[in-house]
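Structure at a glance
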Amino acid sequence: YTPEGTGPFPIIVYFHGGGWVIGNPDTVDATCAMLPNRARAVVVSVDYRLAPEHKFPAAVVDCYAATCWAAENAREIGGDPERLAVAGDSAGGNLAAVVSLMARDQGGPKIAFQVLIYPVTDYSFETQSYIENGKDYFLTTAMMRWFWGHYLRSEEDARDWRASPLRAPD
């Protein structure tokens, strides 16, 4: 998605939500179509592999690769590699946070900004949010357990900071 006008523009690499199990770029098409002219940025919407066919860390690998691709091909898509952002909603917010940490730890690409829209940041179901809001709302604790159960290969994966970025050592 490209804004009107002449670039280079900032780049937003966008990861859709859906509990790592459902969703695709079509589910965030309206958001991604609105962003270019409102944010004056090129938007790259990522179609990462979904669980349960592709369990953790497949989505992480795909999203990091897509971010690297956007940085490496910034000029070709009308973007500025020095103004690279990652963004996502829900599971996509999780992936944006993880990609930011990976980029920092692996020496690039340089992430200038991240937008985390109601991100899933930890596997723990003992948080105040789950206790207070786990029932009677659209996304329940039972549904989140279902999503995590399809995404992760094991309980050990839940402790990996690439699944639960709040657990990153730094």
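Model, not experiment: these values are computed from the prediction.

1. Some thoughts on the nonpolar core
- By size, the foremost hydrophobic cluster in this structure holds 41 residues, and its most contacted members are Phe 15, Leu 95, Trp 148 and Tyr 151.
- Counting only elements with at least two residues in this core, the list comes to strand 1 (9-15), strand 2 (42-46), helix 2 (58-72), strand 3 (79-89), helix 3 (91-105) and helix 5 (141-151).
- Of all the elements, helix 2 adds the most residues to this core, at eight residues.
- If we ignore the near neighbours within four places in the chain, the residues touching Tyr 151 are Trp 20, Ala 51, Lys 55, Phe 56, Ala 59, Val 60 and Leu 95.
- Counting residues in hydrophobic clusters, the runner-up holds nine residues, among them Ile 12, Val 28, Cys 32 and Ala 85.

2. What about unusual backbone geometry?
- Going from Phe 56 to Pro 57, the amide bond is cis rather than trans, its omega being 10°.
- With an omega of 0°, the peptide bond between Gly 108 and Pro 109 qualifies as cis.
- Relative to the helices and strands, Pro 109 resides in the loop between helix 3 and strand 4 (113-117).
- Backbone geometry places Trp 20, a non-glycine residue, at a positive phi of 65°.
- Secondary-structure assignment places Trp 20 in the loop between strand 1 and helix 1 (29-40).
- Look at Tyr 118: it is not a glycine, yet its phi comes out positive at around 35°.
- For Tyr 118, a relative accessible area of 58% corresponds to the exposed category.

3. What about the packing of aromatic side chains?
- Applying the stated criterion across every chain, the model contains eight aromatic pairs.
- Summarising the aromatic geometry, the rings of Tyr 123 and Phe 125 are spaced 5.1 Å apart at their centres and angled 70° between planes, so their arrangement reads as edge-to-face. Like Tyr 123, the residue Phe 125 is buried in the burial classification.
- The structure contains a cluster of three or more aromatic residues connected by ring pairs, namely Trp 20, Phe 56, Tyr 123, Phe 125, Tyr 130, Trp 148 and Tyr 151.
- Here Arg 145 stacks its cationic end above the ring of Phe 125, 4.1 Å away from the centre of that ring.

4. Quick look at the pattern of salt bridges
- The final tally for this structure, using the stated rule, is six salt bridges.
- Across the pair Arg 49 and Asp 62 runs a salt bridge whose closest N-O atoms are separated by 2.8 Å. Of the two residues, Arg 49 sits in the loop between strand 2 and helix 2 while Asp 62 sits in helix 2, which places them 13 residues apart along the sequence.
- The class for Arg 49 is partly exposed, based on a relative accessible area of 34%.

5. Observations concerning the sheet that holds strand 2
- Overall, parallel pairing links the four strands, which are arranged 2-1-3-4 in an open sheet. Each edge of the sheet is formed by a strand with only one pairing partner; in this case those strands are strand 2 and strand 4. In this sheet, neighbouring strand axes are inclined to one another by 20° on average, regardless of whether the strands run parallel or antiparallel.
- The pairing of strand 3 with strand 4 spans five bridges and is parallel. Within strand 4, the position partnered with Ala 87 by the bridge is Val 115.
- In this fold helix 1 packs onto strand 1 and strand 2, with an angle of close to 155° to the strand it touches most, strand 1.

Rules behind the numbers
In this numbering scheme, every chain counts its residues from 1 along its sequence in written order. Given that the model is predicted, a residue must reach a pLDDT of at least 70 before its local features are reported, and side-chain atom pairs must reach 80 or more before they are shown or counted; all residues, however, enter totals for whole chains, interfaces and linings. Excluded from the side-chain calculations are hydrogens and water; all other atoms, namely the structure's heavy atoms, are used. As used here, the term nonpolar core means buried Ala, Val, Leu, Ile, Met, Phe, Trp, Tyr and Cys residues forming a set that is joined through side-chain atoms within 4.5 Å. For the exposure calls, accessible area comes from a 1.4 Å probe over protein chains only, and a residue counts as buried if that area is under 20% of its type's maximum, exposed if over 50%, partly exposed in between. Elements are defined by DSSP. Helices are runs of H or I of four residues or more, strands are runs of E of two residues or more, and each kind is numbered from the N terminus. By definition, residues are in contact when any of their heavy atoms lie within 4.5 Å. In this analysis, rings of Phe, Tyr and Trp, with Trp reduced to its six-membered ring, are considered paired at centre separations within 6.5 Å, and the interplanar angle assigns stacked below 30 degrees, edge-to-face beyond 60, and tilted for intermediate values. Note on geometry: a ring has a charge over it if NZ (lysine) or CZ (arginine) is within 6 Å of the ring centre and within 35 degrees of the ring normal. In the sections that follow, a salt bridge refers to a side-chain nitrogen of Lys or Arg positioned within 4 Å of a carboxyl oxygen of Asp or Glu. Only when DSSP finds a minimum of two bridges between them are two strands counted as paired. Between N-to-C directions, angles span 0 to 180 degrees; the directions come from axes that are lines fitted to C-alpha atoms, helices contributing only their stretch in contact.

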